[in-house]
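# Summary of structural features
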Amino acid sequence: MSASKIKKRTFAQNIRRMNNIVAIVGRPNVGKSTLFNRLIQRRDAIVDSVSGVTRDRNYGKSEWNGKEFSVIDTGGYIKGSDDIFEGEIRKQVELAIDECDAIIFMVDVEEGITPMDDEVAKLLRKVTKPVILAVNKVDNSKRVTDALEFYNLGLGEYFTIGAMNGSGTGELLDKLVEVLPELPEAVEDENPLPRFAVVGRPNAGKSSIINALIGEDRFVVTDIAGTTRDAIDTTYNRFGFEFNLVDTAGIRRKAKVKEDLEFYSVMRSVRAIEHSDVCILVIDATRGFEGQDQSIFWLAEKNRKGIVILVNKWDLVEKDTMTARDYERKIREQIQPFTDVPILFVSALEKQRLLKGLETAVEVFENRKQKVSTSKFNDLMLPIIENQPPPALKGKYVKIKYCMQLPTPVPQFVFFANLPQYVKDPYKRFIENKLRENYNFSGVPIDIYFRQK
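Residues numbered from 1 in each chain as written. Predicted model: local features only at pLDDT ≥ 70, side-chain atom pairs only at ≥ 80, totals over all residues. Heavy atoms only, no water.

- The name an unreviewed UniProt entry assigns to the protein is GTPase Der, from the organism Flavobacterium terrigena.
- For the protein, the Sequence similarities (unreviewed entry) comment in UniProt is given as "Belongs to the TRAFAC class TrmE-Era-EngA-EngB-Septin-like GTPase superfamily. EngA (Der) GTPase family." (UniProt positions renumbered as here; feature names shortened; annotations may be inferred.)

## A word on helix α12 (residues 374–387)
- A rise of 1.5 Å per residue sets the reference length of α12, with its 14 residues, at 20 Å; its end C-alpha atoms lie 20 Å apart and thus fit the reference within 8%.
- Where α12 is concerned, the buried positions are Phe377, Asn378, Met381, Ile384 and Ile385.
- Looking at the buried residues of α12, the elements they touch are β14 (400–405), β15 (412–417) and α13 (425–438). (Helix = DSSP H or I, 4+ residues; strand = E, 2+ residues; numbered from the N terminus. Expected span 1.5 Å × (residues − 1). Buried < 20%, exposed > 50% of the residue type's maximum accessible area, 1.4 Å probe, protein only. Contact = heavy atoms within 4.5 Å.)

## Structural notes on the sheet that holds β15
- Within the open sheet, the 3 strands sit side by side as β14-β15-β16. Their pairing is mixed. Of all the strands in the sheet, just β14 and β16 (447–452) have a single pairing partner and so form its edges. With direction set aside, neighbouring strand axes in the sheet form an average angle of 20 degrees.
- Pairing of β15 with β16, which is carried by 6 bridges, proceeds in the parallel orientation. Paired with Phe415 across the two strands is Phe450, which belongs to β16.
- Its contacts with the sheet put α12 on β14 and β15, and the angle it makes with β14 is roughly 140 degrees. (Pairing = 2+ DSSP bridges. Axes fitted to C-alpha atoms, helices over the stretch in contact; angles between N-to-C directions.)

## Looking at helix α10 (residues 323–334)
- The first and last C-alpha atoms of α10 sit 17 Å apart over 12 residues, in line with the 16 Å expected at 1.5 Å per residue.
- Within α10, the full set of buried residues consists of Thr323, Tyr327 and Ile331. Projected onto a plane normal to the axis of α10, the buried residues spread over an arc of 60 degrees and lie on a single side.
- In this structure, the buried side of α10 is in contact with β11 (278–284), β12 (306–312) and β13 (343–345). (Arc of directions from axis to C-beta.)

## Structural notes on the sheet that holds strand β1 (residues 20–25)
- The strand order β2-β3-β1-β4-β5-β6 describes an open sheet built from 6 strands, whose pairing is mixed. This sheet does not close on itself; its edge strands, each paired only once, are β2 (59–64) and β6 (158–160). Adjacent strand axes in the sheet meet at a mean angle of 30 degrees when their direction is disregarded.
- Here 6 bridges tie β2 to strand β3 (residues 67–73), and the two strands are oriented antiparallel to one another.

Written out as structure tokens, the structure is:
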């Protein structure tokens, strides 16, 4: 494959634009995850699999007929016994109604309409957003007839599918992309201001940090409405920094959602993360780096955004000389292999080190857009590769003759080799580590490709 083809393809993948968000809802065991996996598979074939994919298996991107959208599988977030399922599902459907642009409501033809299906349908009938009813497990003509009872849910037309073998999903997707709202085209700014999103799970102190940074009287220069109803870019010009803060509904807390529901955090963060350049992940020092924090971290990493971790409420932690170092080490262990991330200990209440946090976010933004000259890059990397070439496989030796940075918005590097298929992940990590040793890509995910020369 030629370099120009790689450039084109990779660039197309990285233009920043807001995606529509589609949620798959329904009671347990109707096949939501099977459909989800089928939807995101179309894309996985194109995009290199990223470490951390298993950690955020409930969120992915899909594309159909040239229209890209983000998919959230609500099923992956419910844990607990059967008796609490109903309440949890209700909360998730309500949240999906608030946050998504379209909803796929899945039911199971084998079991027919259950009281829980009725309950969900009752919520969805009041909604003005597109709702698509998908009747799953319809894999023979008798079941096509059985599916007729789902008209009783009062949601109109339905689609019969077999999520396991993919039957009927084409028609379902045709309908989905037809009803998704049209989004404005992504506009390329000449001198774009950095977009920072403050993300984190509820109660970590995001609002306090934002208020401390911008002052109670909000030093707002302009309010630019974002490309969706609830991500708003507010331009701040203060302390010598100028940046856009992506302010989302995630900052407004809904009383009806249980505080530490992982689904809630991820759902609220998706828009903010997709719309930003750098994510400032706020974690609560008194609780540690928990599952929800990790989900949001991998969500940002998967979207190739810059990341800064702020450990907030540090003033509440009893400390000795080793506390910060041990705390940082624990976080780095949990975010392997992407450990080159700035971690700062702050307090929104005491206004400690918040400016340092902003400064670091600006540095990460600069790191993310830096370009390395091809000749200097070859001068640096080729001797390293010659010294430590990829291990031979089946008696065949991999020779790398040329490398370059791709002209994409995020750092991506391609190495041209005679046998790229023999270069395995450990060697890719070795190359990435050498890159990070010689260039400052702190806080920035890097993509490394090996291609046929």
